[in-house]
Amino acid sequence: MANKFHVRSNSFATGSHPSTTRVEEELSKLKTWEATSTSTSKSIGTGFSLLEDLYVCLEDLLNVASTQKLISNHQSEKCMEELLDGSVRILDICGITRDTEMKKNAKKLITSLKQMESKFGVSPLLDQDQQLAALVTVLREVIVMNISVFQSLLAFLAVPSKSKATKWLLVAKLMHKGVIACEGNQKNFNELECVEASLSNLLSEGTDVAKMQAAHERLEALENAIESLESGLEIVFRGMVKTRANVLNIMTQQRSKSTQS
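Along each chain, the written sequence defines residue order, and numbers are assigned to residues from 1. Restriction of local features to residues with pLDDT of at least 70 applies here, the model being predicted, together with a cutoff of 80 or more for giving and counting side-chain atom pairs; totals for whole chains, interfaces and linings are based on all residues. Hydrogens and water are ignored here; the side-chain numbers use all heavy atoms of the structure.

(A) Looking closely at the overall build of the protein. Numbering goes from the N terminus for both helices and strands, where a helix is a DSSP run of H or I of at least four residues and a strand is a run of E of at least two. For the protein, the count of helices and strands is 9 helices and 0 strands. Each residue is placed in one exposure class: buried if its accessible area under a 1.4 Å probe, protein chains only, is under 20% of its type's maximum, exposed if it is over 50%, and partly exposed if it falls in between. Looking at the protein as a whole, 46% of its 261 residues qualify as buried. Residue pairs at least 24 apart in sequence account for 84% of intrachain contacts in the protein once pairs closer than 6 positions are excluded. Carbon and sulfur atoms make up 52% of the accessible area of the protein, which totals about 13,700 Å². We call two residues in contact whenever any of their non-hydrogen atoms come within 4.5 Å of each other. Here, Shrake-Rupley sampling with a 1.4 Å probe gives the accessible areas, and only protein chains in the shown set may cover a residue.

(B) Seen up close, the environment of Phe150. Its location among the elements puts Phe150 in helix α6 (residues 130–157). Residues Phe150 and Ile90, 60 residues apart in the sequence, show an inter-C-alpha distance of 8.9 Å. Discounting residues that sit within four places of it in the chain, Phe150 has contacts with Ile90, Cys94, Leu113, Leu233, Val236 and Met240.

(C) Geometry of the packing of helix α3 (residues 65–73) against α6. Axis geometry follows a simple rule: fit a line to the C-alpha atoms, using only the stretch in contact for helices, then measure angles between N-to-C directions, giving values from 0 to 180 degrees. Running from amino to carboxyl end, α3 crosses α6 at an angle of 95°, the nearest separation of the two axes being 10 Å. Considering their axes alone, α3 and α6 lie roughly perpendicular with respect to each other. Residues Thr67, Leu70 and Ile71 of α3 pack against Gln131, Leu132 and Leu135 of α6. For this scheme, ten residues count as nonpolar: Ala, Val, Leu, Ile, Met, Phe, Trp, Tyr, Cys and Pro. Four count as charged, namely Asp, Glu, Lys and Arg, and the remainder, Gly too, count as polar. Its residues placed into classes, the contact of α3 with α6 shows 4 nonpolar, 2 polar and no charged. Geometric relationships in this document are graded by angle, where less than 35 degrees denotes roughly parallel, more than 145 denotes roughly antiparallel, 65 to 115 denotes roughly perpendicular, and other angles denote oblique.

(D) The packing of helix α4 (residues 78–97) against α6, seen in detail. Contact geometry for α4 and α6: axes closest at 10 Å, N-to-C directions at 20°. Here α4 is positioned roughly parallel relative to α6, judged by the angle of their axes. The handedness of the crossing between α4 and α6 comes out as left-handed. From α4, Cys79, Met80, Glu82, Leu83, Gly86, Ser87, Ile90, Cys94 and Thr97 reach across to α6, where they touch Leu132, Val136, Leu139, Arg140, Ile143, Asn146, Ile147, Phe150, Leu153, Leu154 and Leu157. A breakdown of the residues in the contact of α4 with α6 according to their chemical character gives 14 nonpolar, 4 polar and 2 charged. Each crossing is labelled by how the near helix is turned from the far one, with a counterclockwise turn of less than a right angle marking it left-handed and a clockwise turn marking it right-handed.

(E) Quick peek at the pattern of salt bridges. Each salt bridge in this description consists of a side-chain nitrogen of Lys or Arg and a carboxyl oxygen of Asp or Glu lying within 4 Å of one another. Going through the model one piece at a time under the given rule, you end up with 7 salt bridges. Here Arg140 makes a salt bridge to Glu82, at a shortest N to O gap of 3.0 Å. Of this pair, Arg140 sits in helix α6 while Glu82 sits in helix α4; the two residues are 58 residues apart in sequence, bridging distant segments of the chain. On the accessibility criterion, Arg140 (4% relative accessible area) is buried. Salt bridges sharing partners connect three or more residues here, namely Arg98, Glu234 and Arg238.

(F) Region of the structure containing the packing of aromatic side chains. Stacked, tilted and edge-to-face pairs are distinguished by plane angle, under 30 degrees for stacked and over 60 for edge-to-face with tilted covering the rest, among Phe, Tyr and Trp rings (Trp via its six-membered ring) whose centres lie within 6.5 Å. Inspection of every chain in the model, using the stated rule, returns 1 aromatic pair. An angle of 70° between the planes, with centres 6.3 Å apart, marks the rings of Phe48 and Phe150 as edge-to-face. Remark: Phe150 occurs in helix α6 and Phe48 occurs in helix α2 (residues 41–62); sequence separation between them is 102 residues. With respect to burial, Phe48 and Phe150 carry one shared label: buried. For a Lys NZ or an Arg CZ to count as sitting over a ring, it must be within 6 Å of the ring centre and within 35 degrees of the ring normal. Lying across the ring of Phe237, Arg98 places its NZ or CZ 3.9 Å from the centre.

(G) Up close: the nonpolar core. Side-chain atoms within 4.5 Å link the members of a nonpolar core, which is a set of buried Ala, Val, Leu, Ile, Met, Phe, Trp, Tyr and Cys residues. One finds Phe48 and Phe150 to be the most contacted residues of the largest nonpolar core, which totals 57 residues. Put simply, the parts of the chain that give this core at least two residues each are α1 (21–36), α2, α3, α4, α5 (102–119), α6 and α9 (215–260). Counting residues per element, this core draws most heavily on α6, which supplies 17 residues. Excluding its chain neighbours within four sequence positions, the residues that come into contact with Phe48 are Val149, Leu153, Leu229, Gly232, Leu233 and Val236.

Laid out in structure tokens, this is it:
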């Protein structure tokens with residue numbers, strides 16, 4: 001099942017800034033991922049990996065003198081302020097998602113992302129310097145792709161639960177004993193959905209020993225999937241923090257020079 005979240009995306013400006021090429025290539029990979037992504041740990045993990053590569057290229061772009069000059073000279077313009085606002089908002093959502101209560105907050109965060117998606121990147125670039133327009137377009141796309149990956153992650157976490165709190169307590173007990181199994185071809189179902197389905201079956205049909213033989217392996221897969229997602233999320237979070245710090249540092253240096261002169 002393809003990802004139901006399709007984030008609005010801008011076309012790259014004609015005559016892109018030469019240093020944006022590698023970033024554009026990584027963004028293209030993320031768009032390809034987005035078109036076929038699912039709310040499974042494997043798909044989301046791929047999205048995180050692509051974001052990690054994207055931030056490496058973005059760091060290189062921000063270290064280019066011409067990029068720094070563009071940001072410094074146009075830092076007070078609306079499009080740049082919009083980028084800073086977008087970066088801090090997606091950073092906040094990422095930070096909340098890293099919290100231990102992230103599953104409880106998932107649906108609220110999805111709503112926040114949808115609201116951000118509808119309002120972000122609306123200011124026109126028609127009157128901007130061509131190189132600035134290319135740079136802003138790329139930086140907008142970086143935020144847009146972050147929104148897309150985080151929507152997939154939150155959809156993974158916000159699996160509709162048919163169970164009451166007491167049932168989730170039973171899940172914990174069964175997981176501890178290694179007795180929940182996810183049956184059949186679960187290629188397009190995430191691990192939390194498998195647990196929910198297995199729990200419903202156990203509650204309605206009782207504990208069938210034959211159905212529980214593969215439980216330990218399935219539960220280890222769930223635990224490994226969550227650990228992998230947490231690791232990917234942490235790496236992306238650090239990349240986001242570093243990128244925002246670099247941009248702010250470029251702007252601060254320019255203000256210092258202006259003050260001294």
